[in-house]
Amino acid sequence: LRRTAIILQSALRGWLARRYCNQLHKQVCSAVVIQTAWRGYVCRKNFIFVKGAAIMLQSHWRGRKQRKIFAVLLAEHRRKQREEMERRRREEERRRREEEE
């Protein structure tokens, strides 16, 4: 009878210990899942912020570069217009002189 009680107590204690370990394992796994999800969220949020900052910098840089190119093209266009106006003025003066003579 005593041996049976010891065997039953041992089995019960083993079962309780296994149940406790399983619960503890589930809690640890749940904590790991939550931590993983949180770290993923923080990393994604940080990535989106950094990506947005990179896009902003790139767009400002490209805009600056294009404004410089446009300034050069505009200066060239204005120079050509001045040359054309000067050529027309000289041509008009030449015609006037020819008409006067």
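Our structure is the block above this text.
Bear in mind that the values here come from a model prediction, so they are computed numbers and not experimental data. (Residues numbered from 1 in each chain as written. Predicted model: local features only at pLDDT ≥ 70, side-chain atom pairs only at ≥ 80, totals over all residues. Heavy atoms only, no water.)

(A) Representation of the overall build of the protein chain within the structure. A count of helices and strands for the protein chain gives 1 helix and 0 strands. For 101 residues, the compact-globule formula gives about 13 Å, and the C-alpha radius of gyration of the protein chain, at 43 Å, lies well above that figure. Each of the 101 residues in the protein chain was classed as buried or not, and the buried ones make up 2%. Entry remark: accessible area of the protein chain is about 10,100 Å², with carbon and sulfur atoms responsible for 62%. Each charge class in the protein chain can be summarised by its mean position, and for the 27 positive and 11 negative side chains these summaries are 46 Å apart. (Helix = DSSP H or I, 4+ residues; strand = E, 2+ residues; numbered from the N terminus. Rg over C-alpha atoms; globule rule 2.2 N^0.38 Å. Buried < 20%, exposed > 50% of the residue type's maximum accessible area, 1.4 Å probe, protein only. Areas by Shrake-Rupley, 256 points an atom, 1.4 Å probe, with all protein chains shown as cover. Lys, Arg positive; Asp, Glu negative; His and termini not counted. Charge placed at Lys NZ, Arg CZ, Asp CG, Glu CD.)

(B) Region of interest: a nonpolar patch on the surface. Together, Y20, L24, V28 and V32 give the surface a local cluster of nonpolar side chains, amounting to about 370 Å² of exposed area. Residue placement: L24 occurs in helix 1 (residues 2–100). Given the relative accessible area of 38%, L24 is considered partly exposed. (Patch = residues over 30% accessible without salt bridge, like charges linked within 9 Å, V, L, I, M, F, W, Y side chains within 5 Å. Salt bridge = Lys/Arg side-chain N within 4 Å of Asp/Glu carboxyl O.)

(C) Representation of the pattern of salt bridges. Applying the stated criterion across every chain, the model contains 12 salt bridges. Beyond isolated ion pairs, a larger network of salt bridges with shared partners links E86, R89, R90, E93 and R97.

(D) Quick look at the environment of M56. Inspection of the secondary structure assignment puts M56 in helix 1. Once the C-alpha coordinates of M56 and V72 are considered, the two residues, 16 residues apart in sequence, prove to be 25 Å apart.

(E) Up close: the environment of K51. Secondary-structure assignment places K51 in helix 1. Remark: the alpha-carbon pair of K51 and Q81, spanning 30 residues in sequence, is separated by 44 Å.

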